[in-house]
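Reading the structure
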Amino acid sequence: MKIAVTYENGQIFQHFGHSKQFKIYTVEDGKIVSAHVIDTNGSGHGALAGLLSSVKTDVLICGGIGGGAQMALAQAGIKLFAGVHGDADKAVESFAAGSLAYDPNAKCDHHDHHGEGHTCGSHGCGSHHCGEHTCH
């Protein structure tokens, strides 16, 4: 099984659509047998699901993610575990052990936040254009 995690400095990056890297883990018999980091090479929101599909990802672990990205992952057959924070390696170990804490409703949708001071997870998303796309 291949598991991808939105990745930055050892932590789960909290904004799927802005991910610059994914850490890809191969898990067999409940144990991590290999892991490596891949760059997204500037891929935007829509292209990230395709990138994960191209490396044969079965599962994505991430922080916040928008509805469009959730649909793209579902269409690619990638199972989503969102709303996860903290150390990427520990999250995958927890997933492999069947004990990963996640939020099936975690998403960041800027269409509901027409003002200042919105946040996605525990981090602000910065500027956005309501009506164009979601944060992730």
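The paragraphs below set out a description of the structure included in this document. In this numbering scheme, every chain counts its residues from 1 along its sequence in written order. Totals for whole chains, interfaces and linings use all residues, but because this is a predicted model, local features are given only for residues with pLDDT of at least 70 and pairs of side-chain atoms are given and counted only at 80 or more. Values shown for side chains rest on all heavy atoms present in the structure; no hydrogens or waters enter the calculation.

1. Topic: the pattern of salt bridges
When the charged atoms of two side chains with opposite charge come close together, those side chains can pair. By definition, a salt bridge exists where a carboxyl oxygen of Asp or Glu is found within 4 Å of a side-chain nitrogen of Lys or Arg. Scanning the entire structure with this criterion turns up one salt bridge. Between Asp-89 and Lys-23 there is a salt bridge, with its nearest N and O atoms 3.0 Å apart. A residue pair is termed long-range when its members are at least 10 positions apart, and Asp-89 in helix α3 (residues 88-96) and Lys-23 in strand β3 (residues 21-28) qualify at 66 residues. In this description a helix means any DSSP run of H or I spanning at least four residues, a strand means any run of E spanning at least two, and both kinds are numbered starting from the N terminus.

2. With respect to the environment of Asn-105
Take Asn-105: it is sitting in the segment after α3. Given a relative accessible area of 63%, Asn-105 falls into the exposed group. Distance from Asn-105 to Gly-83, taken between C-alpha atoms, is 7.7 Å for residues 22 residues apart in sequence. Partly exposed residues are those whose accessible area sits between 20% and 50% of the maximum for their type, while under 20% is buried and over 50% is exposed, using a 1.4 Å probe and protein chains only.

3. Comments concerning α3
For α3, every residue scored as buried is listed here: Ala-88, Ala-91, Val-92 and Phe-95. Taken end-on, α3 shows its buried residues confined to a sector of 95 degrees, consistent with a single buried face. Whether two residues are in contact is decided by their heavy atoms, any of which lying within 4.5 Å being enough. Considering only its buried residues, α3 is in contact with β1 (2-8), β2 (11-12), β3, β4 (31-39), β5 (59-61) and β6 (79-81). We define a polar contact as two N or O atoms separated by no more than 3.5 Å, with the added condition that, inside protein, one atom must be a possible hydrogen donor and the other a possible acceptor, whereas residues neighbouring each other in sequence contribute only through side-chain atom pairs. With a side-chain oxygen lying 3.1 Å from the backbone nitrogen of Asp-89, the N-terminal cap of α3 falls on Asp-87. The positive-phi residue at the C-terminal boundary of α3 is Gly-98, with phi of around 80 degrees. Throughout, the arc means the angular range of directions from the helix axis out to the C-beta atoms.

4. Overview of unusual backbone geometry
At Asn-9, a position not held by glycine, the phi torsion is positive, near 50 degrees. Residue classification places Asn-9 among the exposed positions, given a relative accessible area of 72%. In this model, Lys-56 sits at a positive phi of 60 degrees, which is unusual for a non-glycine residue. In this structure, Lys-56 sits in the loop between α1 (45-54) and β5. Judged by relative accessible area, which is 62%, Lys-56 ranks as exposed.

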